[in-house]
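The residues making up each chain are set out below.
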Amino acid sequence: NAGVTQTPKFRVLKTGQSMTLLCAQDMNHEYMYWYRQDPGMGLRLIHYSVGEGTTAKGEVPDGYNVSRLKKQNFLLGLESAAPSQTSVYFCASSRSSGRAYNEQFFGPGTRLTVL
Amino acid sequence: EDKVVQSPLSLVVHEGDTVTLNCSYEVTNFRSLLWYKQEKKAPTFLFMLTSSGIEKKSGRLSSILDKKELFSILNITATQTGDSAVYLCAVEGAGGTSYGKLTFGQGTILTVHP
């Protein structure tokens, strides 16, 4: 049981390049989330998904796209990276019901630098 | 817009001290408040609080929620160097598109010196 995994762990991009971050969970969770964490700003929600095939915008969605083609995977894409997207990205998942349903389980993070 | 504010932003103490971390919030249709501990990598869950006035306790850590005054505190007694971390507070609003979504505070950086 690996929990929530993220690939890659580190990445350096040049401005204008594109990339995709992959999140996978093996807990059969319905809900999945992408956050970014910047110094002094806590975690900010980028996009989230309440089930396979569905996605929704969070607090800071501009410049990012997501897809949830399979229940266990949630992809975050940057079409044209900008230095402002330098951050640590966390994926999380949670159940949709039941006791402590909203406890989110986090992946180890991806440190992205855009030059 | 849901809002969570934590204080202090950073705190430096010595082993054995007791610390109190604060979290105040404004949220539409409050459902729950969660505390997370973040060391080097991913945040890990500590407590979830839904009812006012009921203390949650785990070893030297405890937390309580005041739904009338819209805040929560996290207490750590007899601190150890292993308690050094960022402590995150998050709240969940109920209903509509906010269901299941957490709004996080900025975090409190706790440093415990030997």
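Being a predicted model, the structure only gives us computed values, none of them experimental.

1. What about the interface of chain B and chain A?
At step 1: Contact with chain B, which involves 20 residues of that partner, is made by 20 residues of chain A.
At step 2: Summed over both sides, the interface of chain B with chain A buries roughly 1700 Å², with 57% coming from carbon and sulfur.
At step 3: Counting across the interface, chain B meets chain A through 2 residue pairs in polar contact (both at pLDDT 80 or more).
At step 4: The set of elements that each furnish at least two residues to the side of chain B that touches chain A consists of β4 (30–38), β5 (43–49), β9 (85–93) and β10 (102–104) of chain B.
At step 5: Counting residues per element, the side of chain B that touches chain A draws most heavily on β4(B), which supplies 5 residues.
At step 6: Here the residues of the side of chain B that touches chain A sort into 10 nonpolar, 6 polar and 4 charged.

2. Observations regarding the state of the cysteines
Residues and elements named next belong to chain A.
At step 1: All told, the structure shown has 2 disulfides over all chains when counted by the stated rule.
At step 2: Shown here is the disulfide that connects cysteine 23 with cysteine 91, its sulfur atoms set 1.9 Å apart. In this structure, the disulfide formed by cysteine 23 and cysteine 91 twists by about -75° around the S-S bond and is classed as left-handed. Residue cysteine 23 is found in strand β3 (residues 19–25), and its partner cysteine 91 is found in strand β9 (residues 87–94); the two are separated by 68 residues along the sequence. By the burial criterion, cysteine 23 is buried, and cysteine 91 matches it.

3. Digging into the layout of surface pockets
Regions of empty space are outlined by a rolling probe, equal in size to a water molecule, passed over the atoms.
At step 1: Counted as a void, the largest pocket has a volume near 590 Å³.
At step 2: In terms of lining residues, the largest pocket is bounded by 27 residues, among which Gln37(A), Val88(A), Phe90(A), Arg111(A) and Gln38(B) are the most central.
At step 3: Sort the elements by how many residues they give to the lining of the largest pocket and strand β11 (residues 110–114) of chain A lands first, with 4 residues.
At step 4: Tallied by class, residues from the lining of the largest pocket come to 10 nonpolar, 11 polar and 6 charged.
At step 5: Along the walls of the second largest pocket sit 21 residues, with Glu59(A), Glu1(B), Asp2(B), Thr103(B) and Phe104(B) positioned nearest its centre.
At step 6: At the level of secondary structure, the elements contributing two or more residues to the lining of the second largest pocket comprise β5 (43–51) of chain A together with β1 (3–7) and β10 of chain B.
At step 7: Of the residues in the lining of the second largest pocket, the class split is 7 nonpolar, 8 polar and 6 charged.

What counts as what
- Residues numbered from 1 in each chain as written.
- Chains lettered and ligands numbered in written order.
- Predicted model: local features only at pLDDT ≥ 70, side-chain atom pairs only at ≥ 80, totals over all residues.
- Heavy atoms only, no water.
- Contact = heavy atoms within 4.5 Å.
- Buried area = accessible area lost by both parts, 1.4 Å probe.
- Polar contact = N/O pair within 3.5 Å; in protein donor to acceptor, adjacent residues only side chain to side chain.
- Helix = DSSP H or I, 4+ residues; strand = E, 2+ residues; numbered from the N terminus.
- Nonpolar A, V, L, I, M, F, W, Y, C, P; charged D, E, K, R; others polar.
- Disulfide = S-S within 2.5 Å.
- Buried < 20%, exposed > 50% of the residue type's maximum accessible area, 1.4 Å probe, protein only.
- 1 Å grid on protein atoms, 1.4 Å probe; cavity = no way out; pocket = protein on both sides within 12 Å on 5 of 7 lines; lining within 4 Å.
- Points joined across faces, edges and corners; volume = space filled by probe spheres on them.

By themselves, these observations are geometric and do not establish any function.
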